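# Coordinate analysis (summary)
Each chain, written out:
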Amino acid sequence: MEILSIQTGKAEKTSAKAGLTGHFKKPIAGKAFVGTSGLLGDTICDLENHGGVDQAVYLFGEPDLLWWGAELDRDIQSGFFGENLVISDLETSKLVIGDILRMGDVILQITSPRTPCATYAAHIGNGRAIKQIYAAERPGAYARVLKEGHVTKGVPVVVNPYEGEQITIVENMRAYLERFDDPEFLERALAVPAHYKLHALAQERLGLT
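Throughout what follows, the structure given in this document is the object of discussion. Numbers given for residues are sequential positions, taken from 1 along each chain in its written order. Per-residue local features of the predicted model are confined to residues with pLDDT of at least 70, and side-chain atom pairs are confined, for both listing and counting, to 80 or more; whole-chain, interface and lining totals are unaffected and use all residues. Side-chain measures were taken over the full set of non-hydrogen atoms in the model, leaving aside hydrogen atoms and water.

Salt bridges are defined as contacts in which a side-chain nitrogen from Lys or Arg sits within 4 Å of a carboxyl oxygen from Asp or Glu. Taken as a whole, this structure holds eight salt bridges when the rule is applied. A salt bridge links Asp42 to Lys25; the nearest nitrogen and oxygen atoms lie 2.8 Å apart. Of the two residues, Asp42 is situated in the loop between β6 (38-39) and β7 (57-61) and Lys25 in strand β4 (residues 25-27); the sequence distance between them amounts to 17 residues. For the residue pair Asp42 and Lys25, the accessibility class agrees, reading buried in each case. Between Asp64 and Arg138 there is a salt bridge; the shortest N-O distance is 3.1 Å. Of this pair, Asp64 sits in helix α1 (residues 62-72) while Arg138 sits in the loop between α3 (129-136) and β11 (141-147), and the two are 74 residues apart along the sequence. We call a residue buried when its accessible area falls under 20% of the maximum for its residue type, exposed when it is over 50%, and partly exposed in between, using a 1.4 Å probe and counting protein chains only. Residue Asp64 is classed as buried on the basis of its relative accessible area of 0%. Exposure remark for Arg138: the relative accessible area of 16% places this residue in the buried category. Within this structure, Glu165, Glu171, Glu184 and Arg188 form a network of salt bridges that share partners. For helices the rule is a DSSP run of H or I covering at least 4 residues; for strands it is a run of E covering at least 2, with both sets numbered from the N terminus onward.

Inspection of the secondary structure assignment puts Arg114 in the loop between β10 (106-113) and α2 (118-124). Of the side chains bearing the opposite charge, Glu83 lies closest to the buried Arg114, which forms no salt bridge; the N-O distance is 7.1 Å. Of the polar contacts made by the side chain of Arg114, one reaches the backbone oxygen of Phe81; its length is 3.3 Å. The positive count covers Lys and Arg only, the negative count covers Asp and Glu only, and His and the chain ends enter neither. Between N or O atoms, a polar contact is any pair within 3.5 Å; within protein, one atom must be a potential hydrogen donor and the other a potential acceptor, and residues adjacent in sequence are included only when both atoms are from side chains.

For the rest of this paragraph, the subject is the nonpolar core. Nine residue types can take part in a nonpolar core, namely buried Ala, Val, Leu, Ile, Met, Phe, Trp, Tyr and Cys, and a core is a set of them joined through side-chain atoms within 4.5 Å. Counting residues in hydrophobic clusters, the biggest one holds 24 residues, and the most contacted among them are Val57, Leu59, Leu101, Met103 and Leu108. Looking at this core, the elements with two or more residues in it are β1 (3-9), β5 (32-35), β7, β8 (85-87), β9 (100-103), β10 and β11. In contact with Val57, other than residues within four places in its own chain, are Val34, Leu39, Asn84, Leu85, Leu108, Ala141, Tyr142, Ala143 and Val145. In terms of nonpolar packing, the next biggest core, distinct from the first, is built from 17 residues, Trp68, Leu72, Ala129 and Met173 among them. In this analysis, two residues are considered to be in contact whenever any of their non-hydrogen atoms come within 4.5 Å of each other.

Right, let's talk about the packing of α1 against α3 for a bit. Geometry is summarised by axes, namely lines fitted to C-alpha atoms with helices restricted to the contacting stretch, and by angles between N-to-C directions that run from 0 to 180 degrees. Running from N to C, α1 and α3 cross one another at 130°; their axes reach a closest spacing of 13 Å. Viewed along their axes, α1 and α3 adopt a mutual orientation that is oblique. For the crossing formed where α1 meets α3, the hand is right-handed. Contacts between α1 and α3 involve Trp67, Trp68, Glu71 and Leu72 from the first element and Gln132, Ile133 and Ala136 from the second. Residues are sorted three ways: Asp, Glu, Lys and Arg are charged, Ala, Val, Leu, Ile, Met, Phe, Trp, Tyr, Cys and Pro are nonpolar, and all the rest, Gly among them, are polar. The residue inventory of the contact of α1 with α3, partitioned by class, reads five nonpolar, one polar and one charged. By definition in this entry, angles of less than 35 degrees are roughly parallel, angles greater than 145 are roughly antiparallel, angles of 65 to 115 are roughly perpendicular, and the rest are oblique. Crossing handedness is defined as follows: a turn of the near helix away from the far one that is anticlockwise and smaller than a right angle gives a left-handed crossing, while the clockwise case is right-handed.

Phi at Asp73 takes a positive value of approximately 55°, unusual for a residue other than glycine. Taking relative accessible area as the criterion, Asp73 reaches 71% and is therefore assigned exposed. Residue Glu137 is not a glycine yet carries a positive backbone phi of 55°. Position of Glu137 among the secondary structure elements: in the loop between α3 and β11.

All we've got here are geometric facts, nothing functional implied.
And the structure:
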């Protein structure tokens, strides 16, 4: 397993209501610095819904890209989904919240699935795009940065499975569709190193705040 490509994006216009987006990411050559806020040079326009320490890096696996290429019947290049890193032999749907990915000096921890938004739908140009992502259950995954450093194309990637409560990326994604109405899921979510927004939501729904 290794890094196949590294992508960053600049602010560009979008037909979605946000107006500007950093979704359109392009491969870069050479080293990329990965800090706690993400890749140096990567632009996040909608700071309310994207970016931040628990969405610092967006990962996609090569098997996911190949599957989506066949599903959408189009040539999908790295960065198409707005991902920062494409990793060989990684199926993101099988990742568990809390899993650790080591790549050179950099250490990442999985926090949540990527949930589709209006910008993504506008990019695809398909009115069913958002439903399609949920149905496919191949959303890619967000990660926080536990250790900063540089990465390059070809760097080996090692996945260290999380040993605590097991909530997969897919299970987390299904909870979005169910509007987080399962108290048992919310209690389990508080036991894992999930995205801080999920923790806050679980505490609120369970009456802990």
